[in-house]
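The primary structure of each chain is shown beneath.
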Amino acid sequence: MYKNRSGRSLFDVAMPAAIGAGVVTSFAIAQGQHPAIAIAITAIATAFAMICYHFDLV
(Lines give C-alpha, C1' and ligand atoms only; values in the text may rest on other atoms or scores of the structure.)
Protein backbone atom coordinates (compact mmCIF):
# COMPACT_ATOMS: atom_id res chain seq x y z
CA MET A 1 0.00 0.00 0.00
CA TYR A 2 2.01 2.96 1.22
CA LYS A 3 5.26 3.26 3.09
CA ASN A 4 4.83 4.90 6.47
CA ARG A 5 8.00 4.72 8.53
CA SER A 6 6.66 7.19 11.12
CA GLY A 7 10.15 8.48 11.89
CA ARG A 8 11.45 5.26 13.46
CA SER A 9 15.15 4.53 13.32
CA LEU A 10 16.85 1.16 13.20
CA PHE A 11 17.57 1.54 16.92
CA ASP A 12 13.82 1.81 17.57
CA VAL A 13 13.40 -1.52 15.79
CA ALA A 14 16.45 -3.25 17.25
CA MET A 15 15.71 -2.64 20.93
CA PRO A 16 12.30 -4.37 21.14
CA ALA A 17 13.58 -7.22 18.98
CA ALA A 18 16.64 -7.71 21.18
CA ILE A 19 14.59 -7.53 24.37
CA GLY A 20 12.02 -10.00 23.09
CA ALA A 21 14.63 -12.46 21.87
CA GLY A 22 16.59 -11.97 25.09
CA VAL A 23 13.60 -12.95 27.20
CA VAL A 24 13.14 -16.17 25.25
CA THR A 25 16.82 -17.06 25.28
CA SER A 26 17.13 -16.29 29.00
CA PHE A 27 14.52 -18.98 29.55
CA ALA A 28 16.58 -21.30 27.36
CA ILE A 29 19.68 -20.56 29.45
CA ALA A 30 17.70 -21.43 32.57
CA GLN A 31 16.91 -24.79 30.95
CA GLY A 32 20.61 -25.49 30.30
CA GLN A 33 21.47 -23.94 26.94
CA HIS A 34 24.97 -22.52 26.53
CA PRO A 35 24.99 -18.70 26.97
CA ALA A 36 27.05 -18.13 23.81
CA ILE A 37 24.43 -19.90 21.72
CA ALA A 38 21.70 -17.83 23.37
CA ILE A 39 23.54 -14.58 22.62
CA ALA A 40 24.01 -15.67 19.01
CA ILE A 41 20.30 -16.44 18.68
CA THR A 42 19.44 -13.02 20.11
CA ALA A 43 21.84 -11.30 17.71
CA ILE A 44 20.47 -13.18 14.70
CA ALA A 45 16.87 -12.37 15.64
CA THR A 46 17.73 -8.70 16.10
CA ALA A 47 19.58 -8.54 12.78
CA PHE A 48 16.66 -10.23 11.01
CA ALA A 49 14.22 -7.67 12.46
CA MET A 50 16.46 -4.81 11.33
CA ILE A 51 16.79 -6.26 7.83
CA CYS A 52 13.03 -6.73 7.54
CA TYR A 53 12.46 -3.14 8.63
CA HIS A 54 15.12 -1.79 6.29
CA PHE A 55 13.63 -3.49 3.26
CA ASP A 56 10.03 -2.62 4.26
CA LEU A 57 9.00 -6.22 4.87
CA VAL A 58 7.13 -5.37 8.08
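Notes on the structure follow. (Residues numbered from 1 in each chain as written. Predicted model: local features only at pLDDT ≥ 70, side-chain atom pairs only at ≥ 80, totals over all residues. Heavy atoms only, no water.)

## Some thoughts on the overall build of the protein
Within the protein, the regular secondary structure consists of two helices and zero strands. Looking at the 58 residues of the protein, the share that counts as buried comes to 17%. Carbon and sulfur atoms form 73% of the exposed surface of the protein, whose accessible area is close to 4400 Å². (Helix = DSSP H or I, 4+ residues; strand = E, 2+ residues; numbered from the N terminus. Buried < 20%, exposed > 50% of the residue type's maximum accessible area, 1.4 Å probe, protein only. Areas by Shrake-Rupley, 256 points an atom, 1.4 Å probe, with all protein chains shown as cover.)

## Remarks on helix H1 (residues 10-30)
For H1, with 21 residues, the first-to-last C-alpha span of 30 Å sits near the 30 Å given by 1.5 Å per residue. When we look at burial in H1, the residues that qualify are Val 13, Ala 14, Ala 17, Ala 21 and Thr 25. Among the residues trailing H1, Gly 32 stands out with phi positive, at a value near 115 degrees. (Expected span 1.5 Å × (residues − 1).)

## Regarding helix H2 (residues 35-54)
The end-to-end C-alpha distance of H2, which contains 20 residues, comes to 28 Å, matching closely the 28 Å that a straight helix rising 1.5 Å per residue would cover. Of the positions making up H2, those classed as buried are Ala 38, Thr 42, Thr 46, Cys 52 and Tyr 53. Within H2, the buried residues cover an arc of 125 degrees as seen down the axis, which keeps them to one side. Exposed and facing more than 90 degrees away from the buried side of H2 are Ile 44 and Phe 48. At the exit of H2 stands Asp 56, carrying a positive phi of roughly 55 degrees. (Arc of directions from axis to C-beta.)

## Some details on the packing of H1 against H2
With their axes 8 Å apart at the nearest point, H1 and H2 run at an angle of 150 degrees to one another. In terms of orientation, H1 lies roughly antiparallel with respect to H2. For the pair H1 and H2, the crossing hand works out as right-handed. Across from Leu 10, Val 13, Ala 14, Ala 17, Ala 18, Ala 21, Gly 22, Thr 25 and Ile 29 in H1, the residues of H2 making contact are Pro 35, Ala 38, Ile 41, Thr 42, Ala 45, Thr 46, Ala 49, Met 50 and Tyr 53. Classifying every residue of the contact of H1 with H2 by side-chain character gives 14 nonpolar, four polar and no charged. (Axes fitted to C-alpha atoms, helices over the stretch in contact; angles between N-to-C directions. Parallel < 35°, antiparallel > 145°, perpendicular 65-115°, else oblique. Left-handed = near helix turned anticlockwise from the far one by under 90°. Contact = heavy atoms within 4.5 Å. Nonpolar A, V, L, I, M, F, W, Y, C, P; charged D, E, K, R; others polar.)

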